[in-house]
Each structure stands twice: as structure tokens, then as C-alpha cells.
Amino acid sequence: AVKEDGWALQYASDNLRADKDVVLEAVREDGFSLQYASTELRGDKDLVMEAVRRSGSALLYASSNLQSDKDVVLAAMRENGFALRHASCNLQSDKEVVLEAVRRGNGAFAF
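This write-up is about the structure you can find in this document. (Residues numbered from 1 in each chain as written. Predicted model: local features only at pLDDT ≥ 70, side-chain atom pairs only at ≥ 80, totals over all residues. Heavy atoms only, no water.)

Re the nonpolar core
Then step 1. Counting residues in hydrophobic clusters, the biggest one holds 32 residues, and the most contacted among them are Leu 59 and Met 77.
Then step 2. Taken together, the elements giving at least two residues each to this core come down to helix H2 (20-29), helix H3 (45-54), helix H5 (70-79) and helix H7 (95-104).
Then step 3. Looking at this core element by element, the count peaks at six residues for H5. (Core = buried A, V, L, I, M, F, W, Y, C linked by side-chain atoms within 4.5 Å. Buried < 20%, exposed > 50% of the residue type's maximum accessible area, 1.4 Å probe, protein only. Helix = DSSP H or I, 4+ residues; strand = E, 2+ residues; numbered from the N terminus.)

Regarding the pattern of salt bridges
Then step 1. Scanning the model with the defined rule gives ten salt bridges in all.
Then step 2. Between Asp 46 and Lys 20 there is a salt bridge; the shortest N-O distance is 4.0 Å. Here the residue Asp 46 occupies a position in helix H3, and Lys 20 occupies one in helix H2, the gap between them amounting to 26 residues.
Then step 3. By relative accessible area, which is 56% here, Asp 46 ends up exposed.
Then step 4. You can call Lys 20 partly exposed: its relative accessible area is 31%.
Then step 5. Between Arg 103 and Glu 100 there is a salt bridge, and its shortest N-O distance comes to 3.0 Å. Highlighted residues: Arg 103 and Glu 100, both in helix H7, separated by three residues, approximately one helical turn.
Then step 6. A relative accessible area of 58% places Arg 103 in the exposed class. (Salt bridge = Lys/Arg side-chain N within 4 Å of Asp/Glu carboxyl O.)

Regarding the packing of aromatic side chains
Then step 1. Taken as a whole, this structure holds one aromatic pair when the rule is applied.
Then step 2. For the pair Phe 32 and Tyr 61, a centre-to-centre distance of 6.5 Å together with 80° between the ring planes defines the contact as edge-to-face. Remark: Tyr 61 occurs in the loop between H3 and helix H4 (64-67) and Phe 32 occurs in the loop between H2 and H3; sequence separation between them is 29 residues.
Then step 3. Among the residues examined, Phe 32 registers a relative accessible area of 29% and is labelled partly exposed. (Phe/Tyr/Trp six-rings, centres within 6.5 Å; stacked < 30°, edge-to-face > 60°.)

What about H2?
Then step 1. Restricting attention to buried positions, one finds in H2 the residues Val 23, Leu 24, Ala 26 and Val 27. Take H2 and look down its axis: the buried residues cluster within an arc of 165°, on one side only.
Then step 2. The opening residue of H2, the one whose side-chain oxygen lies 2.9 Å from the backbone nitrogen of Asp 21, is Asp 19. (Arc of directions from axis to C-beta. Polar contact = N/O pair within 3.5 Å; in protein donor to acceptor, adjacent residues only side chain to side chain.)

Quick word on the packing of H2 against H3
Then step 1. The interhelical angle for the contact between H2 and H3, taken along N-to-C directions, is 15°, at an axis separation of 9 Å. By the criterion of interaxial angle, the relationship of H2 to H3 is roughly parallel. Note on packing geometry: the crossing formed by H2 with H3 is left-handed. Across the interface between the two elements, Lys 20, Val 23, Leu 24, Val 27 and Arg 28 of H2 pack against Asp 46, Leu 47, Glu 50, Ala 51 and Arg 54 of H3.
Then step 2. Here the contact of H2 with H3 is built from residues that sort into five nonpolar, no polar and five charged. (Axes fitted to C-alpha atoms, helices over the stretch in contact; angles between N-to-C directions. Parallel < 35°, antiparallel > 145°, perpendicular 65-115°, else oblique. Left-handed = near helix turned anticlockwise from the far one by under 90°. Contact = heavy atoms within 4.5 Å. Nonpolar A, V, L, I, M, F, W, Y, C, P; charged D, E, K, R; others polar.)

Below is the structure:
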């Protein structure tokens, strides 16, 4: 079901929300379905990268460690500059990250 509709993950059991293969299929369909993944999987860099490449603002649901990971944050910025609001404070001050955000979202500084 998650291949067709990533949001279906919200109705899955805790075991399925913790299954990387299931969650990966969900975020490939809709990056925002990351919000229904287990806490552990929200800290999985490969999975979060997949989510933010689809929906940059899915960075909101990533672990704080990954909100501080420059590779993850840059991937999110490339999809949606407005996702800058979900990056760590350090990366909100990083020149490369901010420039990418400005390129991808004219209102990136509105947060």
C-alpha cells in the first residue's frame, strides 16, 4: 500500500514503521511520510536523504543529528529552500547552505 500512497504508513503497525524497506517505499512515494517512521529510522541517513530529495521540508521529521548533517540539509535545500527553517542553527548560518536555500526558495529568510 505504501508504494501507492506513502501516507498509508500512518496506519501501519509499529513493526512496519520500524521496517526500513517498508518506510523506504513510503518515502519514495512521498517524502513527508517520514513523519510516521520509527524514531530510529528518522535517524537513518540513507532513508532521510531519500525523503528530503522528494520533499525538502521532510527535514522537519529527521533526527536532530541529521538536521545538523550538512549533506542531508543541502539535499533538502536543493529540493526546497524553505526547508532551511528545519536545519540546525549552525547550518542556518552556513554560507553554502544559505546560498543553496536562496537559489531554491525566494522566501527562505522568512522564517
